[in-house]
Amino acid sequence: MNVLECEGLVKAFDDLVAVDDVGFHIAAGETYGLLGPNGAGKTTSISMIAGILESDSGSVTVGGTEITTRTTEGKRQIGYVPQDIAIYPDLSARENLRFFGKLYGIPKARLDERIDEVLAVIGLTDRGDDRTEEYSGGMRRRLNIGIGLLHEPMLLILDEPTVGVDPQSRNSILEGVEELGRTGTAVLYTTHYMEEAERLCDRVAIIDGGKIRAEGTRRELVELVGQLDTINLGVVGSARRLAEALASVTELESVIATEGSVEILVEGASGLLPRVLEIAQQSDVGVSGVEVIEPNLESVFLHLTGKALRD
Amino acid sequence: MRAAFVIAGKDLSQRIRDRSAILLGLVAPLGLAFIFSAIIPDTTASFDVSLAYVDQDGGEISSGFISGVLPDIEADELATVEPYTDLDTAMVDVESGTTHALYVFPDGFTDGVLAGDGGSVRLVGNVDHSISTQIADAILSGYLAEIDAVGISVDAAMRSGAQDPTALVAAAAQSPDAVVLVDTEAASRELDATTFFSAGMAVFFLFFTVQFGVSSLLEERFYGTLPRLLGAPISRWSILGGKATSSFILGLTSMVVLAVATTLLIGAEWGNPAGVAILMISGVLAAIGIMAVVAVVSKTPEQAANWQSIVAVLLGLLGGTFFPLSQAPPALAFFSKLTPHAWFLQGLGDLSAGDGLSVVVIPALAMLTFFVVTVAIAVLAGRGRVLAP
């Protein structure tokens, strides 16, 4: 069953159409990525999905309940983590969590328990009573996410949660999101970092100019644009002899020998790599290094939009 | 409704923590009310006039003044009157200020007047009590003017055949009081200085106090927490309701604490508690409405705070919180009615005159009108913008 279903979302600001006919669905336990550069329409899309921004047209349901700016009940199923850190600096982490917990109607006894759990998850148990203005950027970012998790939502919306975060905190956040998927929470994750989308998301939508250009698993997207894997072999001996031997393998699209290396273009490198290495051994050519480069979402994005993700 | 109280509770907790609301809502107005009431003389209250006389004459005319005029003035508590038999002692007391003004009726005063030779009364005043001396002079001048009139009448009577001038003079001396002092305090319904400055400072700083609550919506946007509130399972009105509630509680608490504190500490007399409560609630609502308009047209918390301070000071000055409007030019007194401050102070003044609760109805309605109109303006001006993520 799908936790989130949205279709036909449109939002224009005066003459600028920020979101144009965006629609997708997310199942329980699935992490869905919206991958696109700044200004692509990611935040506008999730603002409508979270019931923060009124759409010009289209519909959103979460857990079967319609979500608009005027509805309240359905929003209880959504955890929203805005891109900007949205906490009160003059309150402690515990007070921030308590305030939002009350707004979400968590019963008092459960709220106390839940605050302790969330503080443990985000690694702030020892600093829970300190004012958040004394926190590092990474700690604030973790609390920002913790508030979204507090009421155990069915759908967690994370809007670029790692922007401006140090590598250690970033890794901690990514691990947390992976864990959420395993517990059955549906996650909508927006990012302009290709690596994050590849690592976290079961499915990804490429969004640009307010439109979803393509959607699917990483493999589906790569196949969609016909990109091939690249195997780079560092060789000891004659690269030319190895290239000639590999020419007999019909699955290889191309084999190019250069000084000390052989570059092979192939669809599905991991499946053919053992055979390539076997031929090298039979040809009496030593292999000093192997590098497999699979086409990534960056190249898919480039192919679909004609520009790089960070443009 | 529950969400509004949760938001208001959080806002109040923040305001108490940063102490600015306490400083502007309590400490500053209380301090200024205390200072103003201490250093500015109370021009609206009655003051003591201490009069004395030495009657070396003992004739009908001096007796007429001493036993006919002065007792009435003393009975009306307009002045105290002290008789002296020894001129030197009396002069010493005038010099020291124990007595403000001294009448000296010299020997032969009445005889001189009756003989048509004229007479003179000495009025000796203390240099530090010039107003008391002027009052003493006015009382005596009124009496002497009447004596002149009596003299003319007696002269006319004698010329027309009357036989007993003494009887005529005695009859004239029993004529009505020559001078009447009027206590203007109750007639103009003004507050005493202590109460005036206590109430003035309270309503002046009220506008600074409520701005904390009203502007906190801009802070939510500044801190990025507004989208989070908009994404919570609460109605949008409860967000606005929470802000209004925290403003109301801050404003009303400030007013009540100031009223109690100025009553206990510096003797302010706010009047009938029920009437004061009605005026306070109306005043707080008016302040919230006006500050909401300023907040709606501002883009940042800093901009709002600056504009709200300017508006609060201008309205406070125009509304007569620093000086009684009775002392202001008529035009200013007229335009002051465009401020809730003036209505609040007028309501308190009327209440202090003891006319009952009905006197606060018009001032309260005027302030509630400010509230309704300004809230309507704020809603129209901020529609689709105030709660945009």
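Given the structure is predicted, the values throughout are model-derived calculations rather than measurements. (Residues numbered from 1 in each chain as written. Chains lettered and ligands numbered in written order. Predicted model: local features only at pLDDT ≥ 70, side-chain atom pairs only at ≥ 80, totals over all residues. Heavy atoms only, no water.)

Novice: Which residues make up the overall build of chain B, and what are the values?
Specialist: Helix and strand content of chain B: 16 helices and four strands. Residues classed as buried in chain B amount to 47% of the 389 residues present. Across chain B, every contact between residues at least 6 apart in sequence was considered, and the portion connecting residues at least 24 apart equals 78%. Accessible surface computed for chain B: about 18100 Å², of which carbon and sulfur atoms make up 65%. (Helix = DSSP H or I, 4+ residues; strand = E, 2+ residues; numbered from the N terminus. Buried < 20%, exposed > 50% of the residue type's maximum accessible area, 1.4 Å probe, protein only. Contact = heavy atoms within 4.5 Å. Areas by Shrake-Rupley, 256 points an atom, 1.4 Å probe, with all protein chains shown as cover.)

Novice: Account for the overall build of chain A, with residues named and values stated.
Specialist: Summing up its helical and strand segments, chain A has ten helices and 14 strands in all. Taking the principal axes of the C-alpha coordinates as reference, chain A spans close to 75 × 45 × 35 Å. For chain A, the proportion of its 311 residues judged to be buried stands at 49%. Surface accessibility of chain A: about 13600 Å² in total, with carbon and sulfur atoms responsible for 46%. Averaging the coordinates of the 29 positive side-chain charges in chain A and doing the same for the 51 negative ones gives two points 5 Å apart. (Lys, Arg positive; Asp, Glu negative; His and termini not counted. Charge placed at Lys NZ, Arg CZ, Asp CG, Glu CD.)

Novice: Break down the pattern of salt bridges for me, citing the residues and quoting the values.
Specialist: If you walk through the whole model with that rule in mind, you get 29 salt bridges over all chains. Put simply, Arg110, Glu113, Arg114, Glu117 and Glu152 of chain A are held in one network by salt bridges that share partners. (Salt bridge = Lys/Arg side-chain N within 4 Å of Asp/Glu carboxyl O.)

Novice: I'd like to hear about the confidence of the model for chain B, residue by residue, with values.
Specialist: Here chain B shows a mean pLDDT of 82. Residues at 70 or above account for 86%. In this model residues 176-188 of chain B is a low-confidence stretch, pLDDT under 50, and it forms 17 contacts with partners more than four residues away in sequence or in other chains. (pLDDT = per-residue confidence, 0-100.)

Novice: An account of the packing of helix α1 (residues 2-18) of chain B against helix α9 (residues 193-223) of chain B is needed here, citing residue identities and associated values.
Specialist: Residue and element names in this part refer to chain B. As a packed pair, α1 and α9 sit with axes 11 Å apart at the nearest point and diverge in direction by 100°. For the element pair α1 / α9, the angle class is roughly perpendicular. Side by side, α1 and α9 meet where Lys10, Asp11 and Arg15 of the first sit next to Phe212, Ser216, Glu219 and Glu220 of the second. For the contact of α1 with α9, the class distribution of residues is one nonpolar, one polar and five charged. (Axes fitted to C-alpha atoms, helices over the stretch in contact; angles between N-to-C directions. Parallel < 35°, antiparallel > 145°, perpendicular 65-115°, else oblique. Nonpolar A, V, L, I, M, F, W, Y, C, P; charged D, E, K, R; others polar.)

Novice: Tell me about the interface of chain A and chain B, residues and numbers included.
Specialist: In this complex, chain A contributes 29 residues to the contact, which on the side of chain B involves 23 residues. Both faces considered, chain A and chain B share a buried interface measuring about 2300 Å² in area, 60% of it formed by carbon and sulfur atoms. When residues of chain A are sorted by the area they lose upon contact with chain B, Ile52, Tyr88 and Leu103 of chain A head the list and together hold 27% of the total. At the surface where chain A touches chain B, the tally comes to one salt bridge. Its salt-bridge partner being Glu95 of chain A, residue Arg17 of chain B comes within 2.6 Å of it at the nearest N-O pair. In this assembly, chain A and chain B are joined by twelve residue pairs in polar contact (both at pLDDT 80 or more). Top contributing element to the side of chain A that touches chain B by residue count: helix α2 (residues 93-103) of chain A, with five residues. (Buried area = accessible area lost by both parts, 1.4 Å probe. Polar contact = N/O pair within 3.5 Å; in protein donor to acceptor, adjacent residues only side chain to side chain.)

Novice: For the environment of Tyr189 of chain A, give the residues involved together with the corresponding values.
Specialist: Residues and elements named next belong to chain A. Within the secondary structure layout, Tyr189 lies in strand β8 (residues 186-191). Counting along the chain gives 57 residues from Tyr189 to Leu246, while the straight-line C-alpha distance between them is 42 Å. Those residues in contact with Tyr189 that sit more than four places away from it in its chain are Thr31, Tyr32, Gly33, Leu34, Leu158, Pro161, Thr162, Leu174, Val177, Glu196 and Leu200. Among the polar contacts made by the side chain of Tyr189, one reaches the side chain of Glu196 at a distance of 2.7 Å.

Novice: So what's going on with the packing of helix α11 (residues 236-266) of chain B against helix α12 (residues 273-296) of chain B? Which residues, and what values?
Specialist: Residue and element names in this part refer to chain B. Two elements in contact, α11 and α12, have axes separated by 9 Å at closest approach and are oriented at 135°. Of the possible angle classes, the one that applies to α11 and α12 is oblique. The hand of the α11/α12 crossing is right-handed. Touching Ala244, Ser247, Phe248, Gly251, Leu252, Met255, Val256 and Ala259 of α11 are Met280, Ile281, Val284, Leu285 and Ile288, all from α12. For the contact of α11 with α12, the residue count by class is eleven nonpolar, two polar and no charged. (Left-handed = near helix turned anticlockwise from the far one by under 90°.)

Novice: Explain the nonpolar core to me, and be specific about the residues and the numbers.
Specialist: Residues and elements named next belong to chain A. Counting residues in hydrophobic clusters, the biggest one holds 60 residues, and the most contacted among them are Phe24, Ile49, Leu103, Leu155 and Leu188. Take this core: its biggest share by element is five residues, from α2. When near neighbours in sequence (up to four residues on either side) are disregarded, Phe24 contacts Leu4, Glu5, Cys6, Tyr32, Leu34, Ile49, Leu188, Ile212 and Glu215. (Core = buried A, V, L, I, M, F, W, Y, C linked by side-chain atoms within 4.5 Å.)

Novice: Break down the sheet that holds strand β6 (residues 78-81) of chain A for me, citing the residues and quoting the values.
Specialist: Residue and element names in this part refer to chain A. Ordered by their spatial adjacency, six strands build an open sheet running β6-β7-β8-β3-β9-β10, and the pairing between neighbours is mixed. Every interior strand has two partners, whereas the edge strands, β6 and β10 (211-216), have only one. Neighbour-to-neighbour, the strand axes of the sheet open up by a mean angle of 15°, direction not taken into account. Note that strand β9 (residues 203-208) and β10 share five bridges and pair antiparallel. Paired with Val204 across the two strands is Gly216, which belongs to β10. Here helix α5 (residues 167-182) sits on the sheet and contacts β3 (31-35), β7 (155-159) and β8; the angle it forms with β8, its principal contact strand, is near 150°. (Pairing = 2+ DSSP bridges.)

Novice: Give me the lowdown on a nonpolar patch on the surface, citing residues and values where you can.
Specialist: Residues and elements named next belong to chain A. On the surface, Leu277, Val287, Val290 and Val292 cluster together to form a nonpolar patch covering roughly 260 Å² of accessible area. Counting residues per element, the nonpolar patch draws most heavily on strand β14 (residues 286-293), which supplies three residues. Structurally, the position occupied by Leu277 is in helix α9 (residues 269-282). (Patch = residues over 30% accessible without salt bridge, like charges linked within 9 Å, V, L, I, M, F, W, Y side chains within 5 Å.)

Novice: Describe in detail the confidence of the model for chain A, supporting the description with residues and values.
Specialist: Overall, the prediction assigns chain A a mean pLDDT of 90, with 99% of residues at 70 or greater. No element of chain A has a lower mean pLDDT than helix α10 (residues 297-305) of chain A, at 80, and none a higher one than α2 of chain A, at 96.

Novice: Mind laying out the sheet that holds strand β3 (residues 101-105) of chain B, listing which residues take part and the relevant values?
Specialist: All names here are of chain B. Reading across the sheet, the four strands line up as β2-β1-β3-β4 and stay open at both edges, with mixed pairing between neighbours. Strand pairing shows two members of the sheet lacking a second neighbour, β2 (80-84) and β4 (122-125), which therefore form its edges. Between one strand and the next, the sheet's axes are offset by a mean angle of 20°, whatever the strand orientation. As paired strands, strand β1 (residues 50-55) and β2 are joined by five bridges and run parallel to one another.

Novice: Which residues make up the side chain of Ser283 of chain A, and what are the values?
Specialist: Residue and element names in this part refer to chain A. As for its position among the elements, Ser283 is in the loop between α9 and β14. A polar side-chain atom of Ser283 sits 2.8 Å from the main-chain carbonyl oxygen of Ile279. Setting aside its immediate chain neighbours within four residues, Ser283 contacts Arg241, Leu242 and Ala245.

Novice: I'd like to hear about the environment of Thr98 of chain B, residue by residue, with values.
Specialist: Residue and element names in this part refer to chain B. Within the element layout of this structure, Thr98 appears in the loop between α4 (87-96) and β3. Residue classification places Thr98 among the exposed positions, given a relative accessible area of 52%. Measuring from C-alpha to C-alpha, the distance between Thr98 and Pro71 comes to 19 Å, with 27 residues separating the pair along the chain.

Novice: Explain the side chain of Glu30 of chain A to me, and be specific about the residues and the numbers.
Specialist: Residue and element names in this part refer to chain A. Assignment of secondary structure puts Glu30 in the loop between β2 (16-27) and β3. The exposure class assigned to Glu30 is buried, which follows from its relative accessible area of 11%. There is a polar contact of 2.8 Å between the side chain of Glu30 and the backbone nitrogen of Ala27. Not counting chain neighbours up to four residues away, the residues in contact with Glu30 comprise His25, Thr185, Ala186, Val187, Asp202 and Arg203.

Novice: Run through α9 of chain A, naming residues and quoting values.
Specialist: All names here are of chain A. Compared with an ideal rise of 1.5 Å per residue, which puts 14 residues at 20 Å, α9 spans 20 Å between its outermost C-alpha atoms and is within 8% of the ideal. Of all the residues in α9, the buried ones are Ala269, Leu272, Leu273, Val276, Ile279 and Ala280. Buried residues along α9 sit in contact with β11 (229-236), α8 (239-246), β12 (252-258), β13 (261-266) and β14. Remark: Asp284 follows α9 within two positions and exhibits a positive phi of approximately 60°. (Expected span 1.5 Å × (residues − 1).)

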